Amino acid sequence: ALPEPVPVSLPINFEENIVSTDFTNFFGAVSSVIPNPQMDAINPSTTVGQFVRSGGQSWAQSKIILTEFMDYSTLSSISMKVYTDAPVGTLLKFKVESTETGAANERDAFTTVSGEWATYTWDFAGDPPVYNVITLMLGYGSIGDASPNSTFLIDDIEQVPGLPPAPMANMPVNFEDQVSTHYFLDFDGAGATVIENPQMNSINASDSVAVIVRNGGQPWAGSKLYVAENLDLSTSPIISMKVLTEAPIGTTVKLKLENDGGGSTEIDRFTTTTGAWETLNWDFSGQPNDFNSLVFMFDFGAVGDSSATSTFFFDDIAQSISTSINPSQVIETISCFPNPAKDRLTFRSEQYLMEEIFIYDLLGNKVLAITQNNSTITVNTSDWASGIYLARITTKAGDSTIKIMIE
């Protein structure tokens, strides 16, 4: 029989006082102590930990029992060096537990590099000193296959001072020179980083863009960005942003504005293309001028899996003045009923004649094209497959997009 795990003390540097049998492994994870196979200037240690996920569950984990309870009153964060070939944005879940009371808490971080050592930090400020178990769930949210993408080297687990306040960006935000990865506050299964533009073209010729990868977590996973000055929505209520994703047409892009007092407002927009840059606009007319953060929730309502359809590039976040006519005003004058529909669907415009209606499925296939000049248009949907479609409506005032559902 293997020896029982022996409690260890922080910091853990894997050079001494911990051996492979001090890990307790569950649900498809196996952790051990090995010679450092990736020794470099960032981590010259001769010995490191290795966490390998092979089959089992998406919450595969390894535990380390500590000799003492962690006191977060002065050192409120825990840091750890990690090396993995898994893609940028991979979820690193760090959980703390108590052997006495069963209490637990967890925090998420997301990889910002691949094939390099990096230090990640999880902040437990305000938690009581009741936790004496560290639980590692690296690559959380997917089933491991023991490949390099499911292998994580770890080192130098220690308590450190709390994270500094997130830096603030200045509007407009273009990610070229002022905003880097550490400006973002990620939550519930999303990780934001700043990278090279993967599709530079005439629509977006920027060198650098931001990307959010959603990997497990919650359907409201997202990232927050603080701005240096409150957003003045009285003179510039339109917030625009360029977006690129492989997610299907009609994917929800929720933009939420928040203030430190707990106030918030949010608007949904829907992608109208896939695999190409487009500009989306949110109209916050009539909202107060006390919001100081932007919250990005791409594909709101779904749980991400770190695939291309859970990856969202964005750039050039800017404010502009309200125009006499804009797409959000146009869409407010158009109704679509019944929605969900079965046999027929009627579009009605209260103010502008509808010149064209193009309806697409979520793969981008054009299902129907109608050219008319009418305030009411009825469509026969009796032979359509059940699912979600996107209707793009053209008027003299501009174009608008409505998400519809066929039962």
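Scroll up to find the structure this text is about.
Only a predicted model underlies this, so the values are computations on that prediction, with no experimental measurement involved.

> Residue-level account of the side chain of Ser-206, with values.
With respect to the helices and strands, Ser-206 occurs in the loop between strand 13 (190–196) and strand 14 (208–216). The buried category is assigned to Ser-206, whose relative accessible area is 13%. Here Asp-315 takes part through its side chain, which lies 2.8 Å from a polar atom of the side chain of Ser-206. Apart from residues lying up to four places away in sequence, Ser-206 is in contact with Glu-176, Asn-197, Met-200, Asp-315 and Asp-316.

> Explain the packing of aromatic side chains to me, using residue names and the numbers behind them.
Under the criterion given, the structure shown has 16 aromatic pairs. An angle of 40 degrees between the planes, with centres 5.0 Å apart, marks the rings of Phe-296 and Phe-314 as tilted. Within this pair, whereas Phe-296 is found in strand 20 (residues 293–298), its partner Phe-314 is found in strand 22 (residues 311–320), the two being separated by 18 residues in sequence. Phe-314 carries the same exposure label as Phe-296, and that label is buried. A network of ring pairs unites the aromatic residues Phe-175, Phe-184, Phe-296, Phe-298, Phe-312 and Phe-314 as a single cluster.

> Describe the sheet that holds strand 24 (residues 344–349), with residues and values.
Strand order in the open sheet formed by 3 strands is 23-24-27, and the pairing between neighbours is antiparallel. Of all strands in the sheet, those with a lone pairing partner are strand 23 (334–337) and strand 27 (376–380), marking the two edges. The average angle at which neighbouring strand axes cross in this sheet is 15 degrees, direction not considered.

Definitions and limits used
Residues numbered from 1 in each chain as written. Predicted model: local features only at pLDDT ≥ 70, side-chain atom pairs only at ≥ 80, totals over all residues. Heavy atoms only, no water. Helix = DSSP H or I, 4+ residues; strand = E, 2+ residues; numbered from the N terminus. Buried < 20%, exposed > 50% of the residue type's maximum accessible area, 1.4 Å probe, protein only. Polar contact = N/O pair within 3.5 Å; in protein donor to acceptor, adjacent residues only side chain to side chain. Contact = heavy atoms within 4.5 Å. Phe/Tyr/Trp six-rings, centres within 6.5 Å; stacked < 30°, edge-to-face > 60°. Pairing = 2+ DSSP bridges. Axes fitted to C-alpha atoms, helices over the stretch in contact; angles between N-to-C directions.

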